[in-house]
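# What the coordinates show
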Amino acid sequence: MTHDPTFWLLARSSGLTAYVLLTLSVLAGLVLKSRPFSSLKPAAVADLHRVLALLGLGALAGHATALVLDT
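Since the structure is predicted, the reported quantities are computational estimates derived from the model, not experimental observations. (Residues numbered from 1 in each chain as written. Predicted model: local features only at pLDDT ≥ 70, side-chain atom pairs only at ≥ 80, totals over all residues. Heavy atoms only, no water.)

## Examining the side chain of S14
Topologically, S14 is positioned in helix 1 (residues 6-34). Overall, the relative accessible area of 14% leaves S14 in the buried class. (Helix = DSSP H or I, 4+ residues; strand = E, 2+ residues; numbered from the N terminus. Buried < 20%, exposed > 50% of the residue type's maximum accessible area, 1.4 Å probe, protein only.)

## As for the nonpolar core
In this structure, A18, L21, A28, L52 and A59 together form the largest nonpolar core, which totals five residues. The set of elements that each furnish at least two residues to this core consists of helix 1 and helix 2 (42-69). Apart from residues lying up to four places away in sequence, A28 is in contact with V45, H49 and L52. (Core = buried A, V, L, I, M, F, W, Y, C linked by side-chain atoms within 4.5 Å. Contact = heavy atoms within 4.5 Å.)

## Some details on the pattern of salt bridges
According to the stated counting rule, one finds one salt bridge in the structure shown. Between D47 and R50 there is a salt bridge whose closest N-O contact spans 3.1 Å. Of the two residues, D47 and R50 are both situated in helix 2; the distance of three residues between them amounts to about one turn of the helix. Since its relative accessible area comes to 42%, D47 is described here as partly exposed. Classification of R50 by relative accessible area gives partly exposed; the value is 49%. (Salt bridge = Lys/Arg side-chain N within 4 Å of Asp/Glu carboxyl O.)

Spatial relationships are all this shows, so hold off on functional conclusions.
Quick look at the structure:
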């Protein structure tokens, strides 16, 4: 029986992607709260924070699904 590494690769890549996206979302939230750069508009940073969080949660869901489907 041959083992197909597709779900193993998907689990690892989606996990790393979720980690990076959620880290960037936290950093965007910190930038939004502390406002270290006066040239950035708060609305744009809030939108970026929201988009990164949603993409990160989607990658996290993909990671969980790939882990369940991996033999």
